[in-house]
Amino acid sequence: MIVAVDGPVAAGKGTLARLLAKHFGLAYLDTGSLYRAVASKVLRTGAAPEQAAQSLDAADLAAPDLRAEAVGQMASKVAAIPAVRAALLDYQRSFARNPPGAVLDGRDIGTVVCPWAEVKLFVTASPERRANRRYLELRAKGDNVSEADVLADLIARDARDSARDVAPLKPALDAHLLDTTDLAIEAAFEAARAKVAERL
Ligand code: DC
């Protein structure tokens, strides 16, 4: 069983994917963290993005700045480089193929990484709602950001992720769209759980 959870920045796909994995006893992979690890390595060491992707190790995946906004923006930039995406593809596919299966969240899981996934969800929400959620998260961590800046960054990152030539952010033709603008996490989880349960 492979569940693909794709969508733009801060749509709630990570929380949803983690809950689905726990509920159905599947492994979970946050594929954005791979691109973030490449970005963080590039920022830290000055390595070329392709080289950083090819030499990614456990320490890179545990880098303390992985969730920083600047790393997210850089991740979106390195993710547009075909050689970087190619270097990360095998790892994602072999993770997904390990029994009993996995939930992967990202941008291109249903379209490129696992087009054969049994269930594909495309999670969205309005930019304003997503920016507000991210803003509250950042403030709770003590980050002194403005909501307007968070919204501007999110719009820029989504535009870049959607416009790139390789594996752009877009729903697979057979993806179920889940708009979480007015949905609490419990209701979003219930809708997603039902889609997976239908396929079991
Ligand atoms: O999900 P995230 O915000 O942690 O992802 C960071 C960036 O990585 C995102 O802006 C685009 C890129 N990404 C990607 O291109 N493909 C994926 N499957 C996951 C993330």
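Structure first, text after, so check above.
Remember, it's a predicted structure, so these values are computed and weren't measured experimentally. (Residues numbered from 1 in each chain as written. Predicted model: local features only at pLDDT ≥ 70, side-chain atom pairs only at ≥ 80, totals over all residues. Heavy atoms only, no water.)

Draft legend 1. Representation of the sheet that holds strand 1 (residues 2-6). As summarised here, the arrangement of the five strands in space is 2-3-1-4-5, forming an open sheet in which the pairing is parallel. A single partner strand is all that each edge strand has here, and the edge strands are strand 2 (27-30) and strand 5 (176-179). On average, each strand axis in the sheet is inclined to that of its neighbour by 20 degrees, with strand direction left out of account. By the bridge criterion, five bridges tie strand 1 to strand 3 (residues 102-106) in an arrangement that is parallel. Note that in strand 3 the partner of Ala4 across the bridge is Leu104. (Pairing = 2+ DSSP bridges. Helix = DSSP H or I, 4+ residues; strand = E, 2+ residues; numbered from the N terminus. Axes fitted to C-alpha atoms, helices over the stretch in contact; angles between N-to-C directions.)

Draft legend 2. The arrangement of empty space enclosed by the protein in detail. If you walk through the whole model with that rule in mind, you get one cavity of 30 Å³ or more. Volume-wise, the largest cavity comes out at about 40 Å³. In terms of lining, the largest cavity is formed by Val9, Glu69, Gln73, Arg134, Val150, Asp153, Leu154 and Arg157. Of all the elements in the fold, those that place two or more residues in the lining of the largest cavity are helix 5 (69-78) and helix 9 (147-163). No other element matches helix 9, which puts four residues into the lining of the largest cavity. By residue class, the composition of the lining of the largest cavity is three nonpolar, one polar and four charged. (1 Å grid on protein atoms, 1.4 Å probe; cavity = no way out; pocket = protein on both sides within 12 Å on 5 of 7 lines; lining within 4 Å. Points joined across faces, edges and corners; volume = space filled by probe spheres on them. Nonpolar A, V, L, I, M, F, W, Y, C, P; charged D, E, K, R; others polar.)

Draft legend 3. Molecular detail of helix 9. For helix 9, which comprises 17 residues, the first-to-last C-alpha distance of 24 Å matches the rise-based estimate of 24 Å (1.5 Å per residue) to within 8%. Burial in helix 9 covers these residues: Val150, Leu154, Arg157, Asp158 and Asp161. Buried residues along helix 9 cover an arc of 100 degrees about the axis, so they all sit on one side. Turned more than 90 degrees off the buried face of helix 9, the exposed positions are Ala148 and Ala163. (Expected span 1.5 Å × (residues − 1). Buried < 20%, exposed > 50% of the residue type's maximum accessible area, 1.4 Å probe, protein only. Arc of directions from axis to C-beta.)

Draft legend 4. Structural detail: the nonpolar core. Counting 18 residues, the largest nonpolar core has Val3, Val5, Leu16, Leu20 and Val103 as the members making the most contacts within it. Counting only elements with at least two residues in this core, the list comes to strand 1, helix 1 (13-24), strand 4 (119-124) and helix 10 (185-199). It is helix 1 that contributes the most residues to this core, five residues altogether. Each residue touching Leu20, except ones within four places of it in the same chain, is listed here: Val3, Val5, Val103, Leu121, Phe189, Ala192, Arg193 and Val196. Of all hydrophobic cores here, the second largest spans 13 residues; its members include Ala39, Val42, Ala52 and Leu88. (Core = buried A, V, L, I, M, F, W, Y, C linked by side-chain atoms within 4.5 Å. Contact = heavy atoms within 4.5 Å.)

Draft legend 5. Structural context of the pattern of salt bridges. Evaluated as defined, the whole model comprises twelve salt bridges. Between Glu69 and Arg134 there is a salt bridge, with the nearest N and O atoms lying 3.4 Å from each other. Taken as a pair, Glu69 in helix 5 and Arg134 in helix 8 (residues 127-140) lie far apart in primary sequence, 65 residues in all. The partly exposed category is assigned to Glu69, whose relative accessible area is 21%. (Salt bridge = Lys/Arg side-chain N within 4 Å of Asp/Glu carboxyl O.)

Draft legend 6. Broad picture of the site of the ligand. Taken together, 16 residues are adjacent to the ligand, and Arg36, Arg85, Asp108, Arg157 and Asp161 come closest. Between Thr31 and the ligand, the recorded distance is 3.0 Å, taken from a side-chain N or O atom to a nitrogen atom. Within the side chain of Arg164, a nitrogen or oxygen atom sits 2.9 Å from an oxygen atom of the ligand. Within the complex, the protein chains bury 97% of what would otherwise be the 450 Å² of accessible surface of the ligand. (Near = heavy atom within 4 Å. Polar contact = N/O pair within 3.5 Å; in protein donor to acceptor, adjacent residues only side chain to side chain. Areas by Shrake-Rupley, 256 points an atom, 1.4 Å probe, with all protein chains shown as cover.)

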